[in-house]
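So you can see what is in the structure, the chains are spelled out below.
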Amino acid sequence: MKQSTDNMASDLAGILTEYLANNWVDSPSSGRTIDADTDMVTELQLDSFQVMEFMLEVEDHFDVVIDQESLSNTRTIRDLAAVVIAAQKDG
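A brief look at the structure comes next.

1. A word on the overall build of the chain
Item 1. Helices and strands together make up the secondary structure of the chain, namely 4 helices and 0 strands.
Item 2. Seen in sequence order, the chain has helices and strands lined up from the N terminus as α-α-α-α.
Item 3. Every one of the 91 residues in the chain was classed for burial, and the buried ones make up 41%.
Item 4. Put simply, of all contacts in the chain between residues at least 6 apart along the chain, 63% involve residues at least 24 apart.
Item 5. Accessible surface, the chain: about 5500 Å² in total, of which carbon and sulfur atoms supply 47%.

2. Focus: the pattern of salt bridges
Item 1. Evaluated as defined, the whole model comprises 3 salt bridges.
Item 2. Its salt-bridge partner being Asp6, residue Arg78 comes within 2.6 Å of it at the nearest N-O pair. Residue Arg78 is found in helix 4 (residues 77-90), and its partner Asp6 is found in helix 1 (residues 5-23); the two are separated by 72 residues along the sequence.
Item 3. Across the pair Arg78 and Asp37 runs a salt bridge, and its minimum N-O distance is 3.1 Å. Highlighted residues: Arg78 in helix 4 and Asp37 in the loop between helix 1 and helix 2 (48-62), separated in sequence by 41 residues.
Item 4. Among the charged side chains, a salt-bridge network with shared partners connects Asp6, Asp37 and Arg78.

The rules behind these values
Residues numbered from 1 in each chain as written. Predicted model: local features only at pLDDT ≥ 70, side-chain atom pairs only at ≥ 80, totals over all residues. Heavy atoms only, no water. Helix = DSSP H or I, 4+ residues; strand = E, 2+ residues; numbered from the N terminus. Buried < 20%, exposed > 50% of the residue type's maximum accessible area, 1.4 Å probe, protein only. Contact = heavy atoms within 4.5 Å. Areas by Shrake-Rupley, 256 points an atom, 1.4 Å probe, with all protein chains shown as cover. Salt bridge = Lys/Arg side-chain N within 4 Å of Asp/Glu carboxyl O.

Following this line, the structure appears as structure tokens:
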């Protein structure tokens, strides 16, 4: 099933919001509104462990494998959406 980047970004924002609420309730990013243009590093201040855990959630949810190199320039939820869509095409 092919998804647009905007739809994928919306799905990812929902997954990240739920992930933070369930796992990092005391984190500075918990409870924030997350959308396609949210910068995961500067706005949410996710540390590397949180990013890796979230990536595992994304991989499980979409049944894809995301390589580290693809994530190197990923900052926003929209960037991540493009990476997930590319991973779906490769899979």
